[in-house]
Amino acid sequence: MAEMRYREALGAALREELERDERVVLMGEDIGVFGGAFKVTEGLLEQFGERRVRDTPISENTIVGVGIGAAMTGLRPVVELMTINFALLAFDQIVNHAAHIRYMFGGQAKVPLVVRMPQGAGHQLGPTHSHCLEAMFLHVPGLLVAVPATPADAKGMLKTAIRDENPVIFIEHEALYGTRGEVPDGEDELVHFGQARVARSGGDVTIVGISRMALTAERAAETLAAEHGVQAEVIDPRTLRPLDLDTILDSVKRTNRCVIVEEGWPHGGVGANLAALICEQAFDHLDAPVQRVTGADVPMPYSKPLEDVAYPHEAQVVHGALAALGVTETAR
């Protein structure tokens, strides 16, 4: 085990996979000479050369399209988009081609492509650079969607994504790049898709946190225990396609209450999907409605004070958990 920053864990995964498999290639804006907008690919151009670490023009539709073609011909491309909003410029390639080629060709052609991109608020980047769009990709059959929250998961899941035969939308969070955590050593230390992480055990309420919100939920659970005597179980799904629904349902069946926390918008979001699944498959175990804590239903403000109240923090999660328990915050 070694302590690493989130960005270092991602860089280590890329380096190990480039060394392990000569078919792995990286593509993206400023990933080579500049080392990536968030310094994830720093040093890789010097080690592996321009043939395998390629700076591209500013054209996301083209970058992803080249990645799809390269994947179909036997390479294993990892495409980096500078932020998730730029994926909208490549949505035709991602949805109509990457997601569906294997199906349309009856398995004769595959697209082992990884599209890496950061998302999230907190850096005063305004409404066009602060999206959380995992629900948009979750909607599309044929795509796998990963949302790692810890450095260990970032490394293990990226390695798994690169080795998978299907296109993977690999969503990082800008606020996590500097976070630290213990990361297992070894090139075959993988985190398999479809296996949720139970970040904290508890019997009073289940809190499901998506991406950065998994860490926010953990901090909220500590506050609930210290100030309200509530023991919350915190679950980080880690992947949204495939989804480890069994772990979530097992927890809800024990706690009888659930709160889902996401940074994205409320309408048609990940929380709405999970709430529907829980109500469909664990309704008889619920003692209260599923609570959802989401980002505000507005374009992200540039103003720092307004931005801070436009996405969830620990206080909103605590409030949601207490609401699920039918407890007012002043009563305990």
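The notes below deal with the structure included here. All figures in this text were calculated on a predicted structure; none of them were measured in a lab. Position numbers for residues start from 1 in each chain and track the written sequence from start to end. In keeping with the predicted nature of the model, local features appear solely for residues at pLDDT of at least 70, side-chain atom pairs appear and are counted solely at 80 or more, and the whole-chain, interface and lining totals rest on all residues. Only hydrogens and water are removed before side-chain values are computed, so all heavy atoms of the structure are retained for them.

A separate point is helix α4 (residues 91-98). Think of it in three bands: residues with accessible area under 20% of the maximum for their type are buried, residues over 50% are exposed, and the middle band is partly exposed, with areas taken using a 1.4 Å probe on protein chains only. Each helix is a run of H or I in the DSSP string that is no shorter than four residues. Each strand is a run of E no shorter than two, and both are numbered from the N terminus. When we look at burial in α4, the residues that qualify are Gln93, Ile94, Val95 and Ala98. Two residues qualify as a contact provided that any one of their heavy atoms is within 4.5 Å of a heavy atom in the partner residue. Elements in contact with the buried residues of α4: α3 (60-72), α5 (101-104), α6 (134-138) and β7 (168-173).

This paragraph deals with empty space enclosed by the protein. Cavities and pockets were defined on a 1 Å grid built over protein atoms only: a cavity is a set of grid points that admits a 1.4 Å probe from which the probe cannot escape, a pocket is an open set flanked by protein on both sides within 12 Å along at least five of seven lines, and lining residues are those with an atom within 4 Å of any such point. Grid points are joined across faces, edges and corners, and a volume is the space filled by probe spheres set on the points. If you walk through the whole model with that rule in mind, you get one cavity of 30 Å³ or more. Taken together, Pro127, Ser130, His131, Cys132, Glu263, Gly264, Trp265, Gly295, Ala296, Val298, Met300 and Ala310 form the lining of the largest cavity.

By this definition, two strands are paired if DSSP reports at least two bridges between them. Read from one edge to the other, the open sheet built from seven strands follows the order β3-β2-β4-β5-β7-β6-β12, with strand pairing classed as mixed. Of all the strands in the sheet, the pair left with one neighbour each is β3 (53-55) and β12 (239-241). Adjacent strand axes in the sheet meet at a mean angle of 20° when their direction is disregarded. Where strand β5 (residues 114-119) meets β7, six bridges bridge the pair, whose relative direction is parallel. Across the sheet, residue arginine 116 finds its bridge partner in β7, namely phenylalanine 170. Every angle, taken between N-to-C directions, lies between 0 and 180 degrees, and every axis is a line fitted to C-alpha atoms, over only the stretch in contact when it is a helix.

Right, let's get into the environment of histidine 131. Position of histidine 131 among the secondary structure elements: in the loop between β5 and α6. With 158 residues separating them in the primary sequence, histidine 131 and proline 289 have C-alpha atoms 27 Å apart. N or O atoms within 3.5 Å of each other form a polar contact, as long as, within protein, one can give a hydrogen and the other can take it, and as long as residues adjacent in sequence are counted only when both atoms are side-chain atoms. Within the structure, histidine 131 has its side chain in polar contact with the backbone oxygen of proline 127 (distance 3.5 Å).

Turning to unusual backbone geometry, a few remarks are in order. Working note: non-glycine residues mostly have negative phi, and peptide bonds are mostly trans. With an omega of -5°, the peptide bond between arginine 241 and proline 242 qualifies as cis. Along the chain, proline 242 falls in the loop between β12 and α9 (245-255). Phi angles above zero are rare outside glycine, and arginine 238 is one such case at about 70°. Following the sequence through the fold, arginine 238 ends up in the loop between β11 (232-236) and β12.

Take the sheet that holds strand β13 (residues 258-261) next. Reading across from one edge, β9-β11-β10-β13-β14 is the order of the five strands in this open sheet, with mixed pairing throughout. Of all strands in the sheet, those with a lone pairing partner are β9 (197-200) and β14 (291-293), marking the two edges. Across the sheet, the mean angle separating the axes of adjacent strands is 25° when strand polarity is ignored. With three bridges connecting them, β13 and β14 associate as parallel partners. The residue of β14 that forms the bridge with isoleucine 260 is arginine 292.

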